[in-house]
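# Coordinates in review
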Amino acid sequence: MNEHLILGQTLRFSGDPFDAPFETVTHISTSGAVLVRDGRIAEMGEAQTLRQKYPQIPVTDYGSDLITAGFVDAHMHYPQTAMIASWGKRLIDWLNTYTFPEEKRFADPDYAADIAGRTLDLALAHGTTTLTSFCTIHPQSVDALFHAADMRGMAVVAGKTCMDRNAPDGLRDDAKSAYDDSKTLIDRWHGTGRATYAITPRFSPTSTPDQLRALGDLWAEHPDCLMQTHLSEQVDEIDWVRGLYPDARDYLDTYEAFGLLGQKGLYGHAIHLEARELDRLSELGAGVVHCPTSNTFIGSGLFDMAGLKARQIPVGLATDTGGGSSFSMLRTMAAAYEIAQLRHVPLHPAQLMWLATEGSAQTLHKAGEIGSLNVGAMADITVLNLQSTPAIAQRSTRTTDLWEALFPTIMMGDDRAIRDVWIAGNRHQPRSA
Ligand code: GUN
Ligand code: ZN
């Protein structure tokens with residue numbers, strides 16, 4: 001039996017702070033304890049109580065640092081790690097100028113392995129314990145990411161990005177090879193260790209109707225897989241979709257018509273939605289993923305968090321690396337706060353932390369398994385130093401409760417705020433250490 005007692009301030013949720021007053025669903029202990037046993041959270045409690053109850057178990061004491069569930073990034077593109085923060089374009093231009101040339105390089109499995117490892121190490125350094133990634137059209141890009149995740153013990157969701165039109169030479173498959181390659185990868189990886197496969201049509205402009213139909217058929221054959229794609233990110237993109245799919249009622253319908261709308265679907269961005277799209281997402285309980293640093297960086301628009309949550313649409317939070325401009329879920333929470341402010345909705349730090357952990361886990365259909373400090377969840381844990389820079393430290397001397405102490409770290413923090421990360425109950429040792 002592998003056991004460890006982790007001490008510090010603890011924060012866990014027993015419900016969604018968008019649905020209930022945050023005080024009723026958040027549980028904070030200033031001298032808390034997490035008992036980890038065989039990779040899972042076995043018990044939560046007060047440090048003194050659990051120390052007395054389990055005097056023999058090894059202890060790591062983080063003092064006043066905050067112990068939280070590891071962050072869950074619900075939408076990113078690991079192949080874009082090396083081109084994050086590329087200047088000056090809007091979505092379609094940005095894809096053609098920066099993204100597609102970089103994604104071509106993933107035909108080389110050594111390059112894919114290098115960037116996969118680099119991405120996961122950057123994620124861990126920023127306190128992210130699970131990420132959900134698009135790969136490239138190359139099956140070996142999927143192998144590289146799942147293999148790198150397995151080496152680190154991380155739960156990762158990923159899939160081969162499928163594109164059979166409006167993409168350059170070397171980055172197109174076809175309807176049949178997209179189906180066949182995705183199926184082979186599902187058989188190889190889905191449910192192996194901590195891997196989850198997501199069937200991944202990039203977005204409807206880069207797939208023919210035939211390809212969308214083939215992937216819809218594949219999803220029907222593998223309903224336990226997730227399906228991830230993009231939806232209504234920019235207005236010009238929506239106009240393009242309208243021209244490519246003249247019979248569709250709206251953007252979401254280009255997926256729905258081919259069997260690609262369902263509860264286990266993950267729709268990235270979802271900014272400019274029409275009433276019917278909102279109704280369908282809500283009826284099905286399909287998840288949307290908010291990518292706030294990307295939405296400001298590429299100039300996409302202001303996500304309607306309050307409107308979507310009011311309709312009970314599950315919402316996850318994501319970096320959208322490399323359209324997003326940061327690997328940090330702290331910075332991502334800050335951007336979500338800023339976008340909500342522009343819509344005159346001040347998100348509470350409890351809501352931001354919930355989105356970055358349990359909210360994302362819920363969209364991945366992994367609530368209770370990851371993104372949680374509740375008993376039974378996997379012990380994927382992030383420890384935050386709430387005084388990681390002089391600027392944050394001087395602010396936090398004035399605080400009266402955890403939320404006030406945490407908010408400056410959410411708004412101003414980065415990888416320097418990550419004291420430690422635990423994966424499946426083991427303290428992560430950075431590769432450079
Ligand atoms: N839409 C289709 N592909 C992409 C991508 O790689 N990044 C973003 N932000 N939007 C997309
Ligand atoms: Zn994306």
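### Re the overall build of the protein chain
Secondary structure assignment for the protein chain yields 16 helices and 16 strands. Radius of gyration (C-alpha) of the protein chain: 21 Å, near the 22 Å computed for a compact globule of 433 residues. Referenced to the eigenvectors of the C-alpha coordinate spread, the extents of the protein chain come out at roughly 65 × 45 × 40 Å. Expressed as a percentage of its 433 residues, the buried residues of the protein chain come to 60%. Contacts in the protein chain between residues at least 24 apart in sequence constitute 76% of all its contacts with a sequence separation of at least 6. Carbon and sulfur atoms make up 50% of the accessible area of the protein chain, which totals about 15800 Å².

### Section: the packing of aromatic side chains
Using the criterion set out here, one finds 9 aromatic pairs in the structure. Seen from their ring centres, Phe-22 and Trp-403 are 5.8 Å apart, and the 85 degrees between their planes marks the pair as edge-to-face. Of this pair, Phe-22 sits in helix α1 (residues 22-25) while Trp-403 sits in helix α16 (residues 402-412), and the two are 381 residues apart along the sequence. Feature note: the residues Tyr-78, Phe-106 and Tyr-111 constitute an aromatic cluster, connected by ring pairs. Over the face of the ring belonging to Tyr-111 we find Arg-105, whose NZ or CZ atom lies 4.2 Å from the ring centre.

### Section: the coordination of the zinc ion (ligand 2)
Listed as protein donors to the zinc ion (ligand 2) are His-75 (NE2), His-77 (NE2), His-230 (NE2) and Asp-320 (OD); their distances from the metal cover 2.0 to 2.7 Å. The sequence pattern describing where the donors of the zinc ion (ligand 2) fall on their chain is H-x1-H-x152-H-x89-D. Highlighted residues: His-75 in strand β5 (residues 71-77) and His-230 in strand β10 (residues 226-231), separated in sequence by 155 residues. The residues His-75 and His-230 share a single accessibility class, namely buried.

### Some words on helix α14 (residues 349-363)
Between its terminal C-alpha atoms α14 stretches 20 Å, which fits the 21 Å expected from 15 residues at 1.5 Å a residue. At Leu-355, α14 shows its largest kink, close to 50 degrees. Within α14, 14 of the 15 residues are buried, leaving the element largely enclosed by the surrounding structure. Of the residues one or two after α14, His-365 is the one with positive phi, at around 60 degrees.

### Some details on the site of ligand 1
In the vicinity of ligand 1 there are 13 residues, among which His-77, Gln-80, Arg-202, Glu-233 and Asp-320 approach most closely. Here a nitrogen atom of ligand 1 sits 2.8 Å away from a polar atom, N or O, in the side chain of Asp-320. The cavity that encloses ligand 1 is the largest cavity. The element contributing the most residues to the shell around ligand 1 is helix α3 (residues 91-104), with 3 residues. For the shell around ligand 1, a count of residues per class yields 5 nonpolar, 5 polar and 3 charged.

### Focus: the nonpolar core
Ranked by size, the top nonpolar core spans 102 residues in total, and within it Tyr-78, Tyr-267 and Leu-281 carry the most contacts. Among the elements that make up this core, the one with the highest residue count is helix α4 (residues 109-125) (7 residues). Residues contacting Tyr-78, with those up to four places away along its chain left out, are Phe-106, Ala-112, Ile-115, Ala-116, Thr-119, Ser-133, Phe-134, Cys-135, Ser-141, Ala-144 and Leu-145.

### Remarks on the packing of helix α5 (residues 139-152) against helix α6 (residues 175-189)
Following both chains from N to C, one finds α5 and α6 inclined at 20 degrees, their axes separated by 10 Å at the closest point. In terms of axis orientation, α5 runs roughly parallel to α6. Crossing handedness for the pair α5 and α6: right-handed. Taken together, the residues of α6 that come into contact with α5 (itself represented by Pro-139, Val-142, Asp-143, Phe-146 and His-147) are Asp-181, Leu-185, Arg-188 and Trp-189.

### A word on the environment of His-138
Here His-138 shows up in the loop between β6 (128-134) and α5. His-138 sits 186 residues away from Gly-324 along the chain, and the two C-alpha atoms are 23 Å apart. In this structure His-138 touches Glu-103, Lys-104, Phe-106, Ala-107, Gly-170 and Leu-171, once residues within four positions along its chain are discounted.

### Structural notes on α6
A rise of 1.5 Å per residue sets the reference length of α6, with its 15 residues, at 21 Å; its end C-alpha atoms lie 21 Å apart and thus fit the reference within 8%. Within α6 the residues assigned to the buried category are Ala-175, Ala-178, Tyr-179, Ser-182, Leu-185, Ile-186 and Trp-189. Relative to the axis of α6, the buried residues are bounded by an arc of 140 degrees and lie together on one face. With respect to the buried face of α6, the exposed residues turned more than 90 degrees away are Lys-176 and Asp-187. With a side-chain oxygen positioned 3.0 Å from the backbone nitrogen of Lys-176, the residue opening α6 is Asp-174. The positive-phi residue at the C-terminal boundary of α6 is Gly-191, with phi of around 80 degrees.

### Some points on the side chain of Thr-81
If you trace the backbone, Thr-81 turns up in the loop between β5 and α3. On the basis of relative accessibility, which here comes to 5%, the residue Thr-81 falls in the buried class. Within the local environment of Thr-81, its side chain forms a polar contact with the side chain of Thr-119, the two groups lying 2.8 Å apart.

### Considering empty space enclosed by the protein
The full count for this structure, using the stated rule, is 3 cavities of 30 Å³ or more. One number sums up the size of the largest cavity: a volume of about 110 Å³. Forming the walls of the largest cavity are 14 residues, and the residues nearest its centre are His-77, Leu-91, Leu-95, His-230 and Glu-233. Of the residues forming the lining of the largest cavity, the biggest block, 3 residues, is contributed by α3. Tallied by class, the residues present in the lining of the largest cavity amount to 5 nonpolar, 6 polar and 3 charged.

Calculation criteria
Residues numbered from 1 in each chain as written. Chains lettered and ligands numbered in written order. Predicted model: local features only at pLDDT ≥ 70, side-chain atom pairs only at ≥ 80, totals over all residues. Heavy atoms only, no water. Helix = DSSP H or I, 4+ residues; strand = E, 2+ residues; numbered from the N terminus. Rg over C-alpha atoms; globule rule 2.2 N^0.38 Å. Buried < 20%, exposed > 50% of the residue type's maximum accessible area, 1.4 Å probe, protein only. Contact = heavy atoms within 4.5 Å. Areas by Shrake-Rupley, 256 points an atom, 1.4 Å probe, with all protein chains shown as cover. Phe/Tyr/Trp six-rings, centres within 6.5 Å; stacked < 30°, edge-to-face > 60°. Lys NZ or Arg CZ within 6 Å of the ring centre and 35° of its normal. Donors = N, O, S within 2.8 Å, 3.2 Å for Na, K, Ca; no water. Expected span 1.5 Å × (residues − 1). Bend = angle between axes of the 7 residues up to and from the residue. Near = heavy atom within 4 Å. Polar contact = N/O pair within 3.5 Å; in protein donor to acceptor, adjacent residues only side chain to side chain. 1 Å grid on protein atoms, 1.4 Å probe; cavity = no way out; pocket = protein on both sides within 12 Å on 5 of 7 lines; lining within 4 Å. Sits in = over half its atoms within 2 Å of the grid points. Nonpolar A, V, L, I, M, F, W, Y, C, P; charged D, E, K, R; others polar. Core = buried A, V, L, I, M, F, W, Y, C linked by side-chain atoms within 4.5 Å. Axes fitted to C-alpha atoms, helices over the stretch in contact; angles between N-to-C directions. Parallel < 35°, antiparallel > 145°, perpendicular 65-115°, else oblique. Left-handed = near helix turned anticlockwise from the far one by under 90°. Arc of directions from axis to C-beta. Points joined across faces, edges and corners; volume = space filled by probe spheres on them.

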